[in-house]
Amino acid sequence: MENESGALSRVAGLFSARGYNIESLTVAPTEDPTLSRMTLVTIGSDEVVEQVTKQLNKLIEVVKVIDLNEGNHIERELMLVKVRAIGAERDEIMRLTEIFRGSIIDVTTKSYTIELTGTSCKLDAFLKAIEPSAVLETVRTGACGIGRGEWVLRV
Amino acid sequence: MNVELTGAEIAIRCLQEEGVQCIFGYPGGAVLFIYDELFKQDKVRHILVRHEQAAIHAADGYARSSKNVGVALVTSGPGVTNAVTGIATAYMDSIPLVIISGQVPTAAIGLDAFQEVDTVGITRPCVKHNFLVKDVSELAMTMKKAFYIASTGRPGPVLVDIPKDVSQQLTQFVYPDKVTMRSYNPVTKGHSRQIKKALELILSAKRPMIYAGGGVILSNAAEQLTELTRALNFPCTNTLMGLGGFPATDKQSLGMLGMHGTYEANMAMQYCDVLIAVGARFDDRVIGNPKHFFNENRKIIHIDIDPSSISKRVRVDVPIVGDVLDVLKELLKLLKAEKKKPDSAALKEWWKQIDQWRERDCLKFDRTSKIIKPQKVIETLYEITKGDAFITSDVGQHQMWAAQFYKFDKPRRWINSGGLGTMGFGMPAAMGVQLANPKAKVACITGEASIQMCIQELSTCKQYHLPLKIVNLNNRYMGMVRQWQEFFHGNRYAESYMNALPDFVKLAESYGHVGMKIEKPEDVEGALKEAFKLKDQLVFLDFITDQTENVFPMVPGGKGLSEMILV
Ligand SMILES: Cc1cc2nc3c(=O)[nH]c(=O)nc-3n(C[C@H](O)[C@H](O)[C@H](O)COP(=O)(O)OP(=O)(O)OC[C@H]3O[C@@H](n4cnc5c(N)ncnc54)[C@H](O)[C@@H]3O)c2cc1C
Ligand SMILES: Cc1ncc(C[n+]2csc(CCOP(=O)(O)OP(=O)(O)O)c2C)c(N)n1
Ligand SMILES: [Mg+2]
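Residues numbered from 1 in each chain as written. Chains lettered and ligands numbered in written order. Predicted model: local features only at pLDDT ≥ 70, side-chain atom pairs only at ≥ 80, totals over all residues. Heavy atoms only, no water.

Is there a simple way to think about the site of ligand 2 in this case?
Residue and element names in this part refer to chain B. In the vicinity of ligand 2 lie 17 residues, with Gln-397, Gly-421, Ser-450, Tyr-477 and Gly-479 positioned nearest. Within the side chain of His-398, a nitrogen or oxygen atom sits 2.9 Å from an oxygen atom of ligand 2. Interatomic distance of 2.9 Å between a backbone N/O atom of Met-480 and an oxygen atom of ligand 2. Protein chains bury 77% of the 590 Å² of accessible surface belonging to ligand 2 in isolation. (Near = heavy atom within 4 Å. Polar contact = N/O pair within 3.5 Å; in protein donor to acceptor, adjacent residues only side chain to side chain. Areas by Shrake-Rupley, 256 points an atom, 1.4 Å probe, with all protein chains shown as cover.)

So what exactly am I meant to see when it comes to the layout of surface pockets here?
Regions of empty space are outlined by a rolling probe, equal in size to a water molecule, passed over the atoms. Residue and element names in this part refer to chain A. Of the volumes computed, that of the second largest pocket is approximately 1300 Å³. In terms of lining residues, the second largest pocket is bounded by 43 residues, among which Met-38, Thr-39, Leu-40, Ile-66 and Leu-68 are the most central. Elements represented by at least two residues in the lining of the second largest pocket include exactly helix 1 (7-17), strand 1 (24-29), strand 2 (36-41), helix 2 (46-58), strand 3 (73-84) and strand 7 (144-147). Top contributing element to the lining of the second largest pocket by residue count: strand 2, with six residues. (1 Å grid on protein atoms, 1.4 Å probe; cavity = no way out; pocket = protein on both sides within 12 Å on 5 of 7 lines; lining within 4 Å. Points joined across faces, edges and corners; volume = space filled by probe spheres on them. Helix = DSSP H or I, 4+ residues; strand = E, 2+ residues; numbered from the N terminus.)

So what exactly am I meant to see when it comes to the packing of aromatic side chains here?
Aromatic ring pairs are reported here in terms of the distance separating the ring centres and the angle at which the planes meet. Residue and element names in this part refer to chain B. Throughout the structure, instances matching the rule amount to 19 aromatic pairs over all chains. Measuring from centroid to centroid gives 5.4 Å for Phe-408 and Trp-414, while their planes differ by 40 degrees, and the two rings are tilted. Each member of the pair Phe-408 and Trp-414 is classed as buried. Consider the rings of Tyr-477 and Tyr-497, whose centres lie 5.2 Å apart with planes at 75 degrees: the pair is edge-to-face. Separated by 20 residues along the polypeptide, Tyr-477 in the loop between strand 18 (469-474) and helix 20 (479-488) and Tyr-497 in the loop between helix 20 and helix 21 (504-510) bring together distant segments of the chain. Overall, the relative accessible area of 43% leaves Tyr-497 in the partly exposed class. Joined through ring pairs, the aromatic side chains of Tyr-382, Tyr-406, Phe-408 and Trp-414 make up one cluster. (Phe/Tyr/Trp six-rings, centres within 6.5 Å; stacked < 30°, edge-to-face > 60°. Buried < 20%, exposed > 50% of the residue type's maximum accessible area, 1.4 Å probe, protein only.)

Have a look at this one:
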C-alpha cells in the first residue's frame, strides 16, 4: 500500500467495521519508500476471505492484495522472550534455544533474553517447551510472508 | 514566474476548473479564507443552508438529479459532525460528492484546539476516501483526485479536509488535467468471455427475470437496459434505488421488488430460473431471508462495477465486473449477432404465470374511504404532474407509497435515501434537485415526523426562491414504526405517536411560503392542482391522512420473498 499516514488505520478500521478478525498485522516500508508492505493474518471461511480481499482492494491506498495461501509461501515471525534463568535452568534453556535455532541476545545473572524466528507454530512450540513460570515477558511481531520460488509480487 | 495563490483561492479555482456551478455550505472560523474567495468571484454559486446536514443532502440531490458531482463546504468541528449523517447517506447510496471541510491550523491539530475534531477519522467509515491536506502544494492535486475518485468506479463521497493555515499559504496554481493513481484503477469493461457466458445462459432461460438496481441509474444505462429487456421480452423489476431505470408503465415492468415490493415481482424473483442482476446488490430488504431464497434453484448473472458487491450475500454463477453501460452495450451487440433466440414458448408460459400473479392486485386500497388515503394522494400527484416531476422523499410509509404509486418512466427522477434511510433527507435533497433543474416540477413526499428533521430549510427555500411542493402525508404517527409495532410488537405503540405537531400551514406562512391543509378526499386533486399553479411559490400541502393505513405487500423480517403479508 501507499506509504502514507492513515493507510494503516483504514485497514484496521475496515476489519473492525466489518467484523473481520485480525490475528496479526505487520507493516513496514519496502525498498521503494513510497510503498509499505503489510502482512495480515486473518481466519475465516473462503467466503469471508474473499470478501476481506475485495474490501481491502477497494481501499484507495491499497495497491495490491494477495492471498499467500493460494500458493506456496514462507512465513516468519520474530519473538523476543525474556525468561528466568537461574541455576540448572541456565543450561537447559540454552540447549532448548539451540534446538530451536534461537539465540540468546541479552544475559543477566537471573535472566536470558532469547531471539527466535520461525513460523508462528514454532514460536508457540518453543513457549510450550519452557516451564511456564519461567517466561517473564514475550513480544512477537506477527507473521510476515512471501511467496516461494522466483515468483515476485510486483505492483 | 506565475503569481502565487493562497490555498483558499486554489480551492475555489479547482471548483471552477471542474465546472462546478453550485455548492452548498455553511461558514465558520476554519473556512473563512475560503468564503472570502467565494465572495470575490461569481462563477461558483454558494447556497447557504440552515444546517450542515442539509448542505450535504442538497449537494446529494443535486448530484442524483444531474449526473454531476455534488459539492458542499463546511467548517471544522460541529460543521463536520453535523455533516456526517449526510455523508453516510450519500455513501450508502453510492452518490458522488466532494465535501470540503475546514480544519484547525496544522500546528494546532491534536491539541484539542477550538472546534477541532478528527475529521478524517470520524468520516473514514462513511466516505469512499478522504484527505487531510497538510501542505498547500498538494491541494490542487488532492482536489483533482477527489473529483476523480468520487465520480469513477462505484461513485461515493470524498472529503477534503483543509487546515486553516493551508488555506492561507501561497503557492503556484496548476490544475492537473489528468490524474493517474497506481492504487486506484476502476474496471469499466466487462470480461468478454463472461459476457458471452451470460448471453448463453440468458438464451437458455425458461423463467428469466431482470433485477435492476441503482447501478443502472448511476451508470446512465436506462436506455440500454430498456432496449435489452424489450429485445428479450423478459420481465423486469427494479429496486427502490433503481426505479426509473426501466419505465414503470412498460408492460414488462413488474414494479419494485423486496420488503414492500409487488406480489408479482417477489414471486417472479423467487421462482425464476435465470436471474440477471444489473447494478443491484442483493440487499437484505430485497431478497428477504437468503436461506429461503435458495430453496429454489436458479442461475444468477451479476453485473456490478464493485467486485465486493458480487457474491457478498448471494453466490452467483456468472459474475461480470464492469460498468453496467459498457456491459449492456456489449450484450446488446452480441444479442444482435446471435442466431439463437429466447425460448418464446417457455416465455409465453412464464408471462401467463406472471399475469396470474398480477391479478392478485397487491396494491389495491380502499378508494371509497371518507378519510384521505395516502396512496390516493400519490396517485393524484402522479396524474397531475403527468409522471414527469422530480420526486424526493423522506423515510417511512410515505416513501414506500411514493415508490409504489408514482410510476417513474425516467431515471434520476426518484430521489430518496435507500441504504441509510435518513429521515430529513427529502426537503434538502429537493432543494438540490430544484437548483440543478430550475424549470422542473419538484415535489418532496414526506411525513409529519421526517419533515421536522430538517424543517429549518424552509428558510433556505425562501432565500433562493425554490418553489418546491411539499406533500406531507400527515398520519400523526411515525407510520412505519407504528406498522412494525402493530405487526410485531402487539400493538404497543411505544413513542411512535407524533404529539404536539405544529400547525404546518402557519409554519409555512411564517417562513413566507404558502400552506394548505387538506382533510377531505375530494379536495386532494384541487389542492395539488392549485399548488402546481403557484409556479414561483413553495407550497406546503398538509394532507391529513388515514392514521391506520399500512404498507402492503410486506415481507416480514426473516421471511422469504414469497411469504408476503398481503391486503
Ligand atoms: C423504509 C425502507 C424500506 C425499504 N424497502 C425496500 C424494498 O422493499 N425494496 C427495495 O428494493 N429496497 C428497499 N429499501 C432500500 C434498500 O435498503 C436498499 O437501499 C436498496 O434495496 C439497494 O438498492 P440496489 O440493490 O439497487 O443498490 P444500490 O445501493 O443502488 O447500489 C448500486 C449497486 O450498483 C453498483 N454500481 C454502481 N455504479 C455502477 C456502474 N456504473 N456499473 C455497474 N454497477 C454499478 C454498486 O457497486 C452497487 O452494488 C428500503 C429502504 C427503506 C429506508
Ligand atoms: C434519522 C432517523 N431516525 C429514525 C429513523 C427510524 N424511522 C424510520 S421510518 C420512521 C417514521 C417516519 O415517520 P413519518 O416521517 O411521519 O413517516 P410515515 O412512516 O408516517 O409515513 C422512523 C422513526 C430513521 N429512518 N431515520
Ligand atoms: Mg407519519
